Structure formats: C-alpha cells, structure tokens
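# A structural walkthrough
Chain by chain, the residues run as shown.
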Amino acid sequence: MNFLNREHTVAPPGFNRWLVPPAAIAAHMCIGQVYGFSVFNKPLMAELGVPVSQIQWAYSIALIMLGLSAAVFGKWVERSGPRRTIAAACACFCGGLLLASLGVHLKSLPLVLFGYGFVGGIGLGLGYIAPVSTLVKWFPDRPGMATGMAIMGFGGGALIGSPLGQELMKHFQNGADTGAGQALATMAAIYTFFMLWAAVMIRVPADDWKPDGPVAGRRNHPMITQARVAVDTAWRTPQFWLLWIVLCMNVSAGIGMLGRAADMFQDMFLGAAASDAQKTANAAIGAGFAGLLSISNLGGRFIWSSISDRTGRKAVYCVYFILGAALYALLPWAQQTQNRVLFVCLAAAIISMYGGGFATIPAYLKDLFGTYQVGAIHGRLITSWSVAAVIGPALVNGLYDSRVADGMPKAEAYNGTFFLMCGLLMLGLVANLLVRPVASKHHLP
C-alpha cells in the first residue's frame, strides 16, 4: 500500500506535466456519471415499485454528500495525495454502484439510497477535489485553464454515463427485469478500471518545481497572492464566505433551469400534444434541448475558466452575473414572441456561465489563498453547491407550481422564475464586488 503514499506520486525531474490532465479528466468523467442518473429513474421505479420522487433521493443525497465529504476530508486529501484519494474515491463510488445494484436485486430502496447516495456520494466528494487541486499545482501559469480541464470532465460525465446506462439496460433487459441492477454492476466494473488507471498515472510536482517560462503574467496583480493560507484560517476570512455566496448564487440560478430543461421547452413552445406520436416527438425535442444545455455546460467550464486567466477571476464573475441577469431577463420576451432559436441561444449562454462558475472558483481560491491546502479550502467551499442544489430547484419548482395552481398557462408560468434568477445573480454580483485581497495577518510564515 506504500504505492499509494503521496511521496510515491512526486514526479521525477523532466516529467511532462501534460500527462496529468488525462488522468484528472478520466477520474472526473467517471464520477460525473451522477449527472446521468436520471436514465435510471423509470427503470428503478419499475423494479422497486416506488414513485420517481423517491428514486430521486439517491441523486439528491449523492450531491449533498459530495459537498459534505469534500469539506470533511479536504485536509486528508491534501495530506494523503491524489493517488490514495482517487483510489478511495473509486472504492466508495464504484462500491456504491455495487450496493445500489444489490438493492435492485433485493428490491430494497433504502439500500439503493445508501449505496448510490451515501457511499457513492462520499466517493464523489473525494474524487472531485483531488484532481482539481493537483492540476492547480501543475499549472500555476494557467490555473483557470487547468481547473477547467478537470471540471469539464465532471460536466461531461453524463454524455458518457447516460447512453452507457441506457445501452447496458437494453442489453440486460429480460421481460419484467429492466436490467438496471446488472447495468449498475457493469458500470461499477468499467469505472473501477478507469479510476484506478487515473490513480496510477497521476503525479504531483516536487516542492521546488516551476514550469518553463514566465509564471502567470498577472502575478503582480493585487488579487493574486504568492503567500500561503491554511484551510483552518481561510474559512474564517470574509473572502471565503463572500466566495461561498458567489458560487451558491451562480449555481442556484443555473441548476433550476437544468433540472427542468426538457419540461420547460415543451411547456413554453410545444404546447399540449394532440396525439401519442406528437407527444413522443415533443419529448424528443425537449430531450434535445436538455442535451444542448449539457454541451454548453461542458464547453463553458473550459472556455470561461481559460478566459479568466487573462481577465482575472473577479472580472469574469462580474460577466457571469451581469450578462447572466440580462440574458435571463430576455427569456420571457423570447417566450412571448415564440422565438425558439433566440430562447435556445440565450439558455445555452446562461448555462455555459453556470459551468464556467464551477470551473473558475478553484482558480479564484488559488489566487486569494495560494496553492497550499487549496484542495481542502475548495472542499469546504463547495458545501455551497449542496445548498444551491436545494435552493435552485425549490425556487423554480415552487414558483412554477404556485402559478399553475392559480390558473396561469404553463407556457407563461416559468417567466416569473427567470426574474427571480436575476435577483439571485445580483446578490452574487454584490458579494463578488466586495472581495478584496486576504490580509497579510492570515498568511503563514
């Protein structure tokens, strides 16, 4: 087991740092399967005999545990290194898939929730922060691009996980057996291989390592520190909590739209279907819209975070909030004029900045607190994601349901939620504008 120790992952002189991103992306694309869990909703409903709302708790618990485990184990991740952490993430995430598979076989919803949600969620948290903190250390000259690469992999996990799950269930389906249990077990085996490969391949730089060429053309910028701040100090600073609000508001504004994307487009533009064939066609169109937003989410994580290396993190977050609020305010007009192309373009741009917010925040933390224990600081910060996963859908779904109950047409019921998202983004903008460099009294000697 010494092979997993941090000292065995220190790269030798002359090591090519571009060998590390493929390992980080592979680990993130495996755990990013959580974004594709929805393909199991109806099969698990049929297997377990419970409504989809109860199945969805597995997804919710997994995201909650992602934030909590990242916060709790962040210091252990920095101390143990990425290889041991990714191996532990593999054991938890893939073990959770196997427990969920056993739960399907035993017709036990609690076991599915415990396996996929609780155990698998711990794997998500460990697997999320370790590759990000490692890439930040390897690319001090381009930290935004580095974190964008890894987190792009997490966002793209559903592009592989969703069709893989569907094809496996189709292969194993046998009469009343939907094949969900066998599909989950097979995915556990596949993801185990790639996550262990990532653990073997990943390396950390030596303490005195520096990249060839100039390190960060903006290194003298007042928002970029060369000092070090410990995690136990960082989370007590106002900068930490301002960034916590920044991420929470950005995620809350985007996650509500993502969660209702397919239904939203059908309600706003396709109307009530007159026949089964039309219903099927409308569902396909709605799914296509949701898929397009997933691609925008994926691309935005890399593009916007790379842009932040030139503009600075504070400036790019101002763009997210100001431009995002303006685009949200235009969505009701696009619906009222029934301009589908404009609506799709506006929504895709909004979701690209939602993804960009995820990818930019680790580099923002690195700028303010340094690379020392940045993974642990990031782990505590993404508890805001857990909160946003509750706030965003609750606001969107609650306002929509209340308006429909009051007799408003479904096509117009979403418009009020768009203005509500504008308000959340303005709160995030205020928090971002208040961010200042960390006081020197918090720096380590």
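See the structure shown above.
This write-up is about the structure you can find in this document. For clarity, every value in this text was computed on a predicted model and none was experimentally measured. (Residues numbered from 1 in each chain as written. Predicted model: local features only at pLDDT ≥ 70, side-chain atom pairs only at ≥ 80, totals over all residues. Heavy atoms only, no water.)

## Concerning the overall build of the protein chain
Helices and strands together make up the secondary structure of the protein chain, namely 18 helices and zero strands. Taken over C-alpha atoms, the radius of gyration comes to 22 Å for the protein chain, in line with the 22 Å a tight globule of 445 residues would show. Principal-axis analysis of the C-alpha atoms places the extent of the protein chain at approximately 70 × 50 × 35 Å. Within the span of the protein chain, comprising 445 residues, buried residues form 56% of the whole. Looking at the protein chain alone, contacts between residues at least 24 apart form 84% of all its contacts between residues at least 6 apart. When the accessible surface of the protein chain is totalled, it reaches about 17,800 Å², and 66% of it is carbon and sulfur. In the protein chain, 30 positive and 18 negative side-chain charges are present, and the distance between their average locations comes to 8 Å. (Helix = DSSP H or I, 4+ residues; strand = E, 2+ residues; numbered from the N terminus. Rg over C-alpha atoms; globule rule 2.2 N^0.38 Å. Buried < 20%, exposed > 50% of the residue type's maximum accessible area, 1.4 Å probe, protein only. Contact = heavy atoms within 4.5 Å. Areas by Shrake-Rupley, 256 points an atom, 1.4 Å probe, with all protein chains shown as cover. Lys, Arg positive; Asp, Glu negative; His and termini not counted. Charge placed at Lys NZ, Arg CZ, Asp CG, Glu CD.)

## Some words on unusual backbone geometry
Despite not being glycine, glutamine 338 has its phi angle at roughly 55°, a positive value. Inspection of the secondary structure puts glutamine 338 in the loop between α13 (313-336) and α14 (340-369). For glutamine 338, a relative accessible area of 38% corresponds to the partly exposed category. Positioned with a positive phi, glutamine 373 is a non-glycine residue whose angle comes to about 60°. Assignment of secondary structure puts glutamine 373 in the loop between α14 and α15 (374-381).

## A short note on the packing of aromatic side chains
One pass over the full model with this rule turns up 22 aromatic pairs. Seen in terms of ring centroids, tryptophan 18 and phenylalanine 139 are 4.9 Å apart; in terms of plane orientation they differ by 70°. Their pairing is edge-to-face. Taken together, the residues tryptophan 18 in the segment before α1 (20-31) and phenylalanine 139 in the loop between α5 (109-138) and α6 (143-155) connect sequence positions 121 residues apart. On the basis of relative accessibility, which here comes to 39%, the residue tryptophan 18 falls in the partly exposed class. Residue classification places phenylalanine 139 among the buried residues on the basis of a relative accessible area of 0%. Taking the centre distance of 5.6 Å and the plane angle of 15° together, the rings of phenylalanine 114 and phenylalanine 118 count as stacked. With a gap of four residues between them, phenylalanine 114 and phenylalanine 118 both fall in helix α5, about one helical turn apart. Each member of the aromatic cluster is reached from another via a ring pair, and the members are Tyr128, Phe154, Tyr354, Phe358 and Trp385. Between the NZ or CZ atom of arginine 228 and the centre of the ring of tyrosine 372, over which it lies, the distance is 4.8 Å. (Phe/Tyr/Trp six-rings, centres within 6.5 Å; stacked < 30°, edge-to-face > 60°. Lys NZ or Arg CZ within 6 Å of the ring centre and 35° of its normal.)

## Here we look at the nonpolar core
Soluble, globular proteins show a tendency: their nonpolar side chains are buried together. Counting 136 residues, the largest nonpolar core has Phe40, Tyr328, Phe343 and Trp385 as its most contacted members. For this core, the element with the highest residue contribution is α14, accounting for 15 residues. (Core = buried A, V, L, I, M, F, W, Y, C linked by side-chain atoms within 4.5 Å.)

## Some points on α13
Taking 1.5 Å of rise per residue, 24 residues should cover 34 Å, and α13 covers 35 Å from first to last C-alpha, within 8% of that figure. Phi for glutamine 338, located one or two positions after α13, is positive at around 55°. (Expected span 1.5 Å × (residues − 1).)

## Observations concerning the state of the cysteines
According to the stated counting rule, one finds zero disulfides in the structure shown. Free of any disulfide, cysteine 30 has its nearest cysteine sulfur in cysteine 94, 7.0 Å distant. With no disulfide partner, cysteine 92 has as its closest neighbouring cysteine sulfur the one in cysteine 90, 9.3 Å distant. (Disulfide = S-S within 2.5 Å.)

## Re the side chain of threonine 178
Mapped onto the secondary structure, threonine 178 falls in the loop between α7 (157-172) and α8 (180-201). Judged by its relative accessible area of 13%, threonine 178 falls in the buried class. Of note is the side chain of threonine 178, whose polar atom sits 2.8 Å from the side chain of glutamate 47. Within the structure, threonine 178 has its side chain in polar contact with the backbone nitrogen of alanine 180 (distance 3.4 Å). (Polar contact = N/O pair within 3.5 Å; in protein donor to acceptor, adjacent residues only side chain to side chain.)

## Quick notes on a nonpolar patch on the surface
Judged by side-chain polarity, Phe3, Trp197, Val200 and Met201 come together as a nonpolar surface patch covering roughly 350 Å² of accessible area. Tracing the chain through its elements places methionine 201 in helix α8. (Patch = residues over 30% accessible without salt bridge, like charges linked within 9 Å, V, L, I, M, F, W, Y side chains within 5 Å. Salt bridge = Lys/Arg side-chain N within 4 Å of Asp/Glu carboxyl O.)

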